[in-house]
Amino acid sequence: MKILILGVNGFIGYHLTKEILATTDWEVYGMDIDDNRINELENSRLHFVEGDIEINKEWIEYNIKKCDTVMPLVAIATPKMYVENPLRVFHLDFEANLDIIKKCAKYKKRIVFPSTSEVYGISPDAEFDEDKSPLCTGPINKERWIYSASKQLLDRVIWAYGNHENLPFTLFRPFNWIGPKLDSIEIAKEGSSRVVTQFIASLLFKKPIYLVDGGKQMRCFTYISDGIAALIKILKNENNICNKQIINIGNPKNNISIKDLAYLMRDIFSKHEKHKNDKEFSQIMEIDSKEFYGESYQDIYNRKPSIEKAKKMLNWEPTVDLEEALKLAIDAFINEYE
Ligand code: UDP
């Protein structure tokens, strides 16, 4: 199989490519604006080109025609960016990806597209179901929702192309995937990264850990290897089982409040070989979301997936529990940055 991965150097693109090269005979055609993760993966089946999906459109069209499956993974996926630069999110996550979706529809190439757990927003369901749960966002003045709304419309466009113009597709929804190389520490220094990298950076630099609005919000953190195992099965698509499906990929057993997450991470960090003799550790403090993110932020208090579909359809189940997942992520960051 020939697979085109746009955003191949991102968190998911890197881990997915590593697994593909190690466990399959597929050829990967990849584009990214950066190569800081992917550069360690020397392999004759990895054909990497440095480029920008908003600029290198001819290369993309040529490779969509050439490949069997397309994964457009380029997107801004950090809440801080949704409120600071919503138009950038719209241009990149929505417009640039829409262009790619249309090309897949034109050449009838299978698209495996990253939807997001964020599309469920503030849905009232206790566990989000791909085919039944309502997708709920807040008012327009809460600019956080531009990412959710953009992704939701792309999901609907892909669905419509699938139903009306025979575009082969699968949508997958990652629920807070974590692991080595999640975000760069530089981004975390500016306070713009996802929560687990943010807390690791605070622990490494002995800065305060901030609990937004007290940290009662819950998330189900999913270890990257579990996510990638599900994705490989989706890409293999035995008996076309994943065609026209939306699939949550998350670990409902790893549901934890952000406050408990902070204490657990500090505890794991303080027992690490390199830090067990440290004299002091980051303080854990509360902060108002208006101060941390600004007025146009709105939080999501419950985000738990139903993974019944993934279990049945893919014969897959997550295996890495929360403590192990955090240990692996913290170890990797310490090894990389210290
Ligand atoms: N959060 C926090 N402190 C931080 C960063 C994030 O309390 O330093 C909270 C944030 O308000 C949200 C949760 O942690 O409720 C997860 O944030 P993340 O950026 O990982 O993205 P999300 O899961 O909301 O997409």
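Predicted, not measured: the structure shown is a model, and the values here were computed from it.

**Topic: the pattern of salt bridges**
Then, in step 1: In total, this model carries 18 salt bridges according to the counting rule given.
Then, in step 2: Members of the salt-bridge network, linked through shared partners, are Glu40, Lys181 and Glu336.

**Overview of the packing of helix α1 (residues 11-23) against helix α8 (residues 224-236)**
When two helices pack together, their arrangement is given by the angle between the helix axes and by the axis-to-axis distance.
Then, in step 1: Two elements in contact, α1 and α8, have axes separated by 10 Å at closest approach and are oriented at 65 degrees. Taken as axis vectors, α1 and α8 run roughly perpendicular relative to one another. For the pair α1 and α8, the sense of crossing is right-handed. Across from Phe11, Ile12, His15, Leu16, Glu19 and Ile20 in α1, the residues of α8 making contact are Ile224, Ile228, Leu231, Ile232 and Leu235.
Then, in step 2: Of the residues in the contact of α1 with α8, the class split is nine nonpolar, one polar and one charged.

**Notes on the site of the ligand**
Then, in step 1: In the vicinity of the ligand lie 19 residues, with Val195, Tyr210, Val212, Arg219 and Asp299 positioned nearest.
Then, in step 2: Within the contact set of the ligand, an oxygen atom lies 2.9 Å away from a backbone nitrogen or oxygen of valine 212.
Then, in step 3: The separation between an oxygen atom of the ligand and a polar side-chain atom of arginine 219 is 2.7 Å.
Then, in step 4: Of all elements in the fold, only α7 (195-204) and β8 (209-212) reach the threshold of two or more residues within the shell around the ligand.

**Considering the environment of methionine 265**
Then, in step 1: Note that methionine 265 resides in helix α9 (residues 258-270).
Then, in step 2: Residue methionine 265 is classed as buried on the basis of its relative accessible area, which comes to 0%.
Then, in step 3: The spacing of methionine 265 and alanine 201 is 64 residues in sequence and 11 Å in space, taken between C-alpha atoms.
Then, in step 4: Those residues in contact with methionine 265 that lie beyond four places of it in its chain are Val196, Phe199, Ile200, Leu203, Leu326 and Ile330.

**As for empty space enclosed by the protein**
It is a probe the size of a water molecule, rolled over the atoms, that shows where empty space is left.
Then, in step 1: Summed over the entire model, instances satisfying the criterion amount to one cavity of 30 Å³ or more.
Then, in step 2: If you trace the largest cavity, you find it lined by Ile53, Lys57, Ile60, Ala96, Asp99, Ile100 and Lys103.
Then, in step 3: Of all the elements in the fold, those that place two or more residues in the lining of the largest cavity are α2 (57-66) and α4 (86-107).
Then, in step 4: No other element matches the four residues that α4 contributes to the lining of the largest cavity.
Then, in step 5: Residues that form the lining of the largest cavity fall into these classes: four nonpolar, no polar and three charged.

**A word on the pairing of strand β11 (residues 245-249)**
Then, in step 1: When you tally the buried positions in β11, you get five out of five residues, the bulk of the element.
Then, in step 2: Where burial is concerned, the two faces of β11 agree: the one with Gln245, Ile247 and Ile249 and the one with Ile246 and Asn248 are both buried.
Then, in step 3: Two elements, strand β6 (residues 169-174) and β11, share five bridges in a ladder whose sense is parallel. Within β11, the residue paired with arginine 173 across the bridge is asparagine 248.

**Brief notes about the UniProt feature "domain: NAD-dependent epimerase/dehydratase" (unreviewed entry) in the protein chain**
Then, in step 1: Residues annotated by UniProt as "domain: NAD-dependent epimerase/dehydratase" (unreviewed entry) correspond here to residues 3-250.
Then, in step 2: The distance from the first to the last C-alpha atom of residues 3-250 is 24 Å, and the span holds 40% helix and 19% strand.

**Points about unusual backbone geometry**
Then, in step 1: Of note, lysine 108 is a non-glycine position whose phi angle comes to about 55 degrees, a positive value.
Then, in step 2: You can see lysine 108 is positioned in the loop between α4 and β5 (110-114).
Then, in step 3: Even without being a glycine, lysine 206 presents a positive backbone phi close to 55 degrees.
Then, in step 4: Among the residues examined, lysine 206 registers a relative accessible area of 36% and is labelled partly exposed.

**Topic: the pairing of β5**
Then, in step 1: Of all five residues in β5, five are buried; the element is thus mostly enclosed.
Then, in step 2: Along β5, one buried face is formed by Arg110, Val112 and Pro114 and the opposite face, lined by Ile111 and Phe113, is buried too.
Then, in step 3: Judged from the two bridges that link them, strand β4 (residues 69-72) and β5 form a sheet pairing that is parallel. Within β5, the position partnered with threonine 69 by the bridge is arginine 110.
Then, in step 4: Relative to β6, β5 is paired through four bridges, and the arrangement is parallel. Considered in β6, the bridge of valine 112 is made with threonine 170.
Then, in step 5: In this region the chain leaves β5, passes through helix α5 (residues 145-165) and returns to the parallel neighbour β6; the handedness of that crossover is right-handed.

**Here we look at the nonpolar core**
Then, in step 1: Grouped together as the largest cluster of nonpolar side chains are 64 residues, with contacts concentrated most on Met71 and Leu231.
Then, in step 2: Not counting the four nearest positions on each side in its chain, leucine 231 is found in contact with Ile12, Leu16, Met71, Phe172, Trp177 and Ile249.
Then, in step 3: Core analysis: the next-biggest nonpolar cluster, separate from the first, contains 32 residues, Leu4, Tyr147, Ile158 and Leu167 among them.

**A short note on the sheet that holds β11**
Then, in step 1: Reading across from one edge, β3-β2-β1-β4-β5-β6-β11 is the order of the seven strands in this open sheet, with parallel pairing throughout. Pairing within the sheet leaves two strands with one partner each, and these edge strands are β3 (46-50) and β11. Along the sheet, successive strands turn relative to each other by an average axial angle of 15 degrees, direction set aside.
Then, in step 2: For strand β1 (residues 2-6) and β4, the ladder comprises four bridges, and the chain directions are parallel. Its bridge partner being in β4, isoleucine 3 is matched across the sheet by threonine 69.
Then, in step 3: Docked against the sheet, α2 engages β1, β2 (27-32), β3 and β4, running at close to 150 degrees with respect to β1.

What counts, and where the lines are drawn
- Residues numbered from 1 in each chain as written.
- Predicted model: local features only at pLDDT ≥ 70, side-chain atom pairs only at ≥ 80, totals over all residues.
- Heavy atoms only, no water.
- Salt bridge = Lys/Arg side-chain N within 4 Å of Asp/Glu carboxyl O.
- Axes fitted to C-alpha atoms, helices over the stretch in contact; angles between N-to-C directions.
- Helix = DSSP H or I, 4+ residues; strand = E, 2+ residues; numbered from the N terminus.
- Parallel < 35°, antiparallel > 145°, perpendicular 65-115°, else oblique.
- Left-handed = near helix turned anticlockwise from the far one by under 90°.
- Contact = heavy atoms within 4.5 Å.
- Nonpolar A, V, L, I, M, F, W, Y, C, P; charged D, E, K, R; others polar.
- Near = heavy atom within 4 Å.
- Polar contact = N/O pair within 3.5 Å; in protein donor to acceptor, adjacent residues only side chain to side chain.
- Buried < 20%, exposed > 50% of the residue type's maximum accessible area, 1.4 Å probe, protein only.
- 1 Å grid on protein atoms, 1.4 Å probe; cavity = no way out; pocket = protein on both sides within 12 Å on 5 of 7 lines; lining within 4 Å.
- Points joined across faces, edges and corners; volume = space filled by probe spheres on them.
- Pairing = 2+ DSSP bridges.
- UniProt positions renumbered as here; feature names shortened; annotations may be inferred.
- Right-handed = clockwise from strand over helix to strand, strands pointing away.
- Core = buried A, V, L, I, M, F, W, Y, C linked by side-chain atoms within 4.5 Å.

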